[in-house]
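# Breakdown of the fold
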Amino acid sequence: MLDIKIINGSIIDGSGNPAYKADLGIEGDKIVSIGDLKDVEAKKVIDAQGKYVTPGFIDIHTHSDYSFLVSPDASARLYDGVTTDVFGNCGIGLAPVSEAHRDDLLKYLSSRVIGSIAVPLDLAWDTMDEYLKKLEAAHPACNVVPLVAQGALRIFAMGFKKGRANAEEMAMMKEELKKAMEAGCVGMSSGLIYIPGDYTSGDELAELCEVLEPYNGYYVTHMRNEGTTIWEAIDEAIAICKHANIRLHISHLKLFGSDVWGQTDRLFGKLDAAKQELKDCVYDCYPYIAGASGLCAALPPWVFEGGMEKMLERLTIEEEKAKIRHDMENGIPGWQNFYRVAGGFKGLIVTAVDTKEGEKALGRNLQELADEAGMDGFDWMFQFLIQERGRVQVLVEGMREEDMLAILTRPETMVGSDSMSMAETGILGVGNPHPRAFATHSHIIRQYVREEKKMPLELAIRKFSALAAQHLGLEKRGEIKEGYYADVLVMDYENVKDNSTYMQPKQYSSGFDTVIVNGAVAIDNGVECKSYSGRVLRHGK
């Protein structure tokens with residue numbers, strides 16, 4: 001007898017091939033039969049008449065590192081069809097941790113989206129393996145795949161010290177990177193617009209990446225620049241991976257800022273050439289034209305020398321504030337200047353804060369808030385960052401729809417929400433987040449597949465599933481096949497809707513009527529089941 005039988009549906013198997021009519025049978029955590037199962041008994045029968053049966057989606061780029069420890073529910077993920085979440089991106093991560101620099105890492109994380117949850121950060125581990133064991137004990141509702149973050153590695157060895165790592169510091173980072181890969185990480189991420197990534201040279205990254213090659217690990221990067229000097233940033237990423245003989249993955253690929261709008265042909269030409277030069281060159285994107293980041297990332301990199309406390313101190317010193325203003329208005333060669341990309345403070349919209357007082361700013365742009373206070377935009381930003389201890393998240397408007405769509409619809413582009421697992425209410429219902437945290441996949445299906453017909457549904461499903469699973473090296477996941485793990489969706493295609501908007505983001509997607517994770521029903525007829533059947537998918541384990 002089957003545990004679950006899904007009947008009368010049309011299967012989109014994740015391969016990109018056309019849909020076909022068949023029933024699907026599940027026993028335990030595996031898909032065991034596909035075909036005509038009308039005579040096979042089952043404990044639970046799901047009628048998918050008029051609906052599609054697909055693999056569960058893999059969110060290739062997330063920041064759920066801490067949210068699953070705070071709450072394992074993964075509600076926004078499941079309602080958006082996501083059954084696997086890949087975290088540790090942009091060089092931002094929770095392990096390894098050294099006693100010498102534990103406080104540095106805590107303060108650093110507090111300024112990132114990880115730190116926007118209204119609970120104290122508690123790094124109750126030292127190694128990546130210890131951290132992953134904590135996650136396993138938390139029993140998340142969806143699967144998780146870990147990356148090791150270069151930012152955490154550098155803070156482990158050096159704190160916020162600027163400059164090239166010395167031999168001893170490099171040895172420490174390499175040893176911790178090796179331990180993380182042994183623990184099951186799929187690769188190493190970097191965030192080169194953030195500290196300490198901005199302090200890290202390409203040569204240092206290339207030397208670190210040598211550790212990845214024996215594990216078939218890949219280097220995934222939030223590049224040093226996604227705007228004016230994106231071409232040099234891509235060259236740097238290629239050089240790093242060529243030196244280490246590993247695969248390159250570019251995070252949230254975009255043309256950020258009017259200086260580079262309309263240059264997708266040049267972008268794709270460069271990436272296609274890299275694919276021939278390297279073991280592989282892949283990329284992901286999200287389907288929105290506004291990005292999101294910490295407001296601190298709008299400050300020049302030198303402001304962070306000495307750590308977060310030193311940064312906040314500089315915001316009180318007139319000479320330092322004048323220099324910050326100058327650098328934000330005029331730029332620094334090679335630095336991605338969010339202030340200029342967004343067209344000034346009017347393009348920076350507050351989405352998460354630290355204090356009750358700060359909540360008055362949610363959903364509003366910095367220029368509007370400064371005008372209301374009768375203040376200069378820079379002075380208002382300085383005092384607000386001090387008030388919120390640097391813990392401010394913002395939307396950054398800086399992309400063009402045509403460019404985003406050209407990237408999204410390329411057959412080889414994967415999809416990542418660049419968000420943490422969230423909820424409509426409760427401890428993970430914080431702030432006024434980017435809608436991508438709730439609706440990345442439903443937004444693509446509703447707007448760009450069903451309504452605008454920018455790509456076929458089968459291609460979209462492949463991007464969300466098999467393409468990502470193959471890149472991650474996830475065995476027997478990402479497709480509807482006999483013997484594969486039962487991460488399965490029943491999708492009411494005509495009623496898939498991204499209910500989350502910029503103005504009202506905390507709304508779950510609809511249309512993914514049934515969500516199954518490792519053979520256990522996580523959403524049943526649109527209702528969350530709290531089955532907590534996700535697993536930590538350690539590479540090579």
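Regarding its fold elements, the protein presents 18 helices and 23 strands. For 541 residues, the compact-globule estimate of 2.2 N^0.38 gives 24 Å, and the C-alpha radius of gyration of the protein, at 23 Å, lies within 12% of that figure. Taken along its principal axes, the extent of the C-alpha atoms in the protein is 80 × 50 × 45 Å. A total of 541 residues make up the protein; the buried ones form 63% of that total. When the accessible surface of the protein is totalled, it reaches about 18800 Å², and 48% of it is carbon and sulfur. Charge separation in the protein, taken as the distance between the mean sites of 58 positive and 80 negative side-chain charges, equals 1 Å.

A few words now on the sheet that holds strand S10 (residues 143–146). Ordered by their spatial adjacency, three strands build an open sheet running S8-S9-S10, and the pairing between neighbours is parallel. At either margin of the open sheet sits one strand with a lone partner, and together these are strand S8 (57–59) and S10. Across this sheet, the average inter-strand angle for adjacent strands is 20°, counted without regard to direction. Pairing between S8 and strand S9 (residues 82–87): three bridges, direction parallel. Across the sheet, residue Ile-58 finds its bridge partner in S9, namely Thr-84.

The subject of this paragraph is the side chain of Thr-351. Looking at where Thr-351 falls in the secondary structure, it is placed in strand S17 (residues 348–352). When its relative accessible area of 5% is taken as the criterion, Thr-351 is described as buried. In contact with Thr-351, other than residues within four places in its own chain, are Leu-362, Gln-393, Val-394, Leu-395, Gly-431, Asn-432 and Pro-433.

Attention shifts here to unusual backbone geometry. The omega torsion of the bond from Ala-95 to Pro-96 falls at 5°, within 30 degrees of zero and hence cis. In the segment running from Ile-195 into Pro-196, the intervening peptide bond is cis, with an omega of 5°. Within the fold, Pro-196 resides in the loop between strand S12 (187–191) and helix H7 (202–209). Located in the positive-phi region is Asp-418, a residue other than glycine, with phi close to 50°. Relative to the helices and strands, Asp-418 resides in the loop between strand S19 (413–415) and helix H16 (436–451). For Asp-418, a relative accessible area of 12% gives the class buried.

Looking now at the side chain of Asn-432. Tracing the sequence through the fold places Asn-432 in the loop between S19 and H16. Excluding residues within four positions of it along the chain, Asn-432 makes contact with Thr-351, Leu-362, Gly-363, Tyr-502, Met-503 and Pro-505.

Turning to the nonpolar core, a few remarks are in order. In this structure, Met-188, Tyr-219, Leu-267, Leu-299, Met-328 and Met-381 are the most contacted members of the largest nonpolar core, which totals 155 residues. When neighbours within four sequence positions are excluded, Tyr-219 is seen to be in contact with Met-188, Ser-190, Leu-192, Leu-205, Cys-209, Leu-212, Ile-240, Cys-241, Ile-246, Arg-247, Leu-248 and His-249.

Our focus in this paragraph is the confidence of the model for the protein. As a note on interpretation, predicted positions should not be read in detail where pLDDT is low. Per-residue pLDDT for the protein has a mean of 96; in total, 100% of the residues score no lower than 70. Element-level pLDDT for the protein is lowest in strand S16 (residues 290–294), with a mean of 87, against a maximum mean of 99 in S8.

Here we come to the pairing of S17. Counting buried residues in S17 gives five out of five residues, a clear majority hidden from the surface. Both S17 and strand S18 (residues 393–397) contribute to a ladder of four bridges, which runs antiparallel. Bridge pairing in S18 places Val-350 opposite Val-394.

This part is about the sheet that holds strand S15 (residues 281–285). One open sheet holds the six strands; their spatial order is S11-S12-S13-S14-S15-S19, and the pairing between them is parallel. With partners counted over all chains shown, the strands left at the sheet margins are strand S11 (148–149) and S19, one partner each. For S12 and strand S13 (residues 218–222), the ladder comprises five bridges, and the chain directions are parallel. Note that in S13 the partner of Ser-190 across the bridge is Thr-221.

Our next topic: the pattern of salt bridges. Evaluated as defined, the whole model comprises 48 salt bridges. Ionic pairing is found between Lys-43 and Asp-3, a salt bridge with its closest N-O pair at 3.2 Å. Remark: Asp-3 occurs in strand S1 (residues 2–7) and Lys-43 occurs in strand S6 (residues 42–47); sequence separation between them is 40 residues. We classify Asp-3 as partly exposed; its relative accessible area is 24%.

Attention shifts here to helix H9 (residues 264–277). Under the 1.5 Å per step criterion, the end-to-end length of H9 is 20 Å for 14 residues, consistent within 8% with the ideal 20 Å. Buried within H9 we find Thr-264, Leu-267, Phe-268, Leu-271 and Ala-274. Across the axial projection of H9, the buried residues extend over an arc of 120°, all falling on one side. H9 presents Asp-265 and Gln-276 as exposed residues on the side facing more than 90 degrees away from its buried surface.

Following the sequence through the fold, Lys-178 ends up in helix H6 (residues 167–183). Take Lys-178: its relative accessible area is 42%, and that puts it in the partly exposed class. Each C-alpha atom of the pair Lys-178 and Val-148 lies 10.0 Å from the other, and the pair is 30 residues apart in sequence. Apart from the residues lying within four places of it in its own chain, the contact partners of Lys-178 are Val-211 and Tyr-215.

A few words now on the packing of aromatic side chains. In this structure the tally under the stated criterion is 15 aromatic pairs. Where Phe-57 meets Phe-464, the ring centres are 4.8 Å apart and the plane angle is 65°; that geometry is what we call edge-to-face. In this pair, Phe-57 is assigned in strand S8 and Phe-464 in helix H17 (residues 457–464), connecting sequence segments 407 residues apart. In this structure, Phe-57 and Phe-464 share a single accessibility class: buried. Taking the centre distance of 6.1 Å and the plane angle of 80° together, the rings of Phe-87 and Tyr-131 count as edge-to-face. Of this pair, Phe-87 sits in strand S9 while Tyr-131 sits in helix H4 (residues 128–138), and the two are 44 residues apart along the sequence. The buried category is assigned to Tyr-131, whose relative accessible area is 1%. An aromatic cluster is defined as three or more aromatic residues linked by ring pairs; in this entry it consists of Tyr-339, Phe-345, Phe-378 and Phe-382. Sitting above the plane of the Trp-231 ring, Arg-266 keeps its charged end 4.0 Å from the centroid. Here the guanidinium or amino end of Arg-477 rests over the ring plane of Tyr-485, the centre of that ring lying 4.0 Å away.

Reading the values: the criteria
- Residues numbered from 1 in each chain as written.
- Predicted model: local features only at pLDDT ≥ 70, side-chain atom pairs only at ≥ 80, totals over all residues.
- Heavy atoms only, no water.
- Helix = DSSP H or I, 4+ residues; strand = E, 2+ residues; numbered from the N terminus.
- Rg over C-alpha atoms; globule rule 2.2 N^0.38 Å.
- Buried < 20%, exposed > 50% of the residue type's maximum accessible area, 1.4 Å probe, protein only.
- Areas by Shrake-Rupley, 256 points an atom, 1.4 Å probe, with all protein chains shown as cover.
- Lys, Arg positive; Asp, Glu negative; His and termini not counted.
- Charge placed at Lys NZ, Arg CZ, Asp CG, Glu CD.
- Pairing = 2+ DSSP bridges.
- Axes fitted to C-alpha atoms, helices over the stretch in contact; angles between N-to-C directions.
- Contact = heavy atoms within 4.5 Å.
- Core = buried A, V, L, I, M, F, W, Y, C linked by side-chain atoms within 4.5 Å.
- pLDDT = per-residue confidence, 0-100.
- Salt bridge = Lys/Arg side-chain N within 4 Å of Asp/Glu carboxyl O.
- Expected span 1.5 Å × (residues − 1).
- Arc of directions from axis to C-beta.
- Phe/Tyr/Trp six-rings, centres within 6.5 Å; stacked < 30°, edge-to-face > 60°.
- Lys NZ or Arg CZ within 6 Å of the ring centre and 35° of its normal.

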